[in-house]
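Spelled out, the chains give:
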Amino acid sequence: MGMSVTISVATEQDAEQIFRLQYLCFQGEAALYGNYRIDPLVQSLDSVRQELATDCVFVARLGEEVVGSVRGSVTEDGAAAIGKLCVHPRLQGHGIGARLLRAAEEALAEQRGAKRFRLFTGHRSEGNLRLYRRVGYETVGTSKGADGVPMIVLEKPASTYATTA
């Protein structure tokens, strides 16, 4: 049988794999909106490295390969902003995204004092919305991304992270 996917804190050495994976994974989102200037596609490798140094970043690994990633940071209002959740297309639909989300939520609540979790997803991103709602997120508003894409804002209290995944 094959190897199992493990979830762990990302390291500086993961930056290039995260950068490449993010570029691959967000192609579908870009196509969905007809906009290839969305943030995950235009982010620089240096910016990914900076996030690794300051944010909570987790990866899913299959052996040595990074096959998933998520980032989070606590904002001034005590909410944890979770973003750029991605799983390699060949491994989607196997619970890896929910496991990554749970790892980020746990670290942000326990290590960084987050009071609630907040994330944004495009209004047409039905798969993302299904996942987020399944793990307890509720729509709290809308916004427009810097790239012009209409976004749905979802939140859940930090006290509920244990129910994720």
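Please refer to the structure placed before this passage.
## Section: the packing of helix α1 (residues 15-25) against helix α4 (residues 45-54)
Next, step 1: Running from amino to carboxyl end, α1 crosses α4 at an angle of 120 degrees, the nearest separation of the two axes being 9 Å. One way to sum up the angle between α1 and α4 is to call them oblique. Between α1 and α4 lies a crossing of right-handed hand. Taken together, the residues of α4 that come into contact with α1 (itself represented by A15, E16, I18 and F19) are L45, V48, R49 and L52.
Next, step 2: In the contact of α1 with α4, the residues fall into six nonpolar, no polar and two charged.

## Re the sheet that holds strand β6 (residues 138-144)
Next, step 1: Strand order in the open sheet made by the seven strands is β1-β2-β3-β4-β5-β7-β6, with mixed pairing throughout. Looking at which strands have only one partner, the edges of the open sheet turn out to be β1 (5-9) and β6. Between one strand axis and the next, the sheet turns by 25 degrees as a mean value, whatever way the strands run.
Next, step 2: With six bridges joining them, strand β3 (residues 65-74) and strand β4 (residues 79-87) adopt antiparallel strand pairing. Residue pairing in the sheet places S73 in a bridge with A81 of β4.
Next, step 3: Here α4 sits on the sheet and contacts β2 (56-62), β3 and β4; the angle it forms with β2, its principal contact strand, is near 105 degrees.
Next, step 4: Its contacts with the sheet place helix α5 (residues 96-110) against β1, β2, β3, β4, β5 (116-122) and β7 (150-157), and it is angled at close to 155 degrees to β4.

Parameters at a glance
Residues numbered from 1 in each chain as written. Predicted model: local features only at pLDDT ≥ 70, side-chain atom pairs only at ≥ 80, totals over all residues. Heavy atoms only, no water. Axes fitted to C-alpha atoms, helices over the stretch in contact; angles between N-to-C directions. Helix = DSSP H or I, 4+ residues; strand = E, 2+ residues; numbered from the N terminus. Parallel < 35°, antiparallel > 145°, perpendicular 65-115°, else oblique. Left-handed = near helix turned anticlockwise from the far one by under 90°. Contact = heavy atoms within 4.5 Å. Nonpolar A, V, L, I, M, F, W, Y, C, P; charged D, E, K, R; others polar. Pairing = 2+ DSSP bridges.

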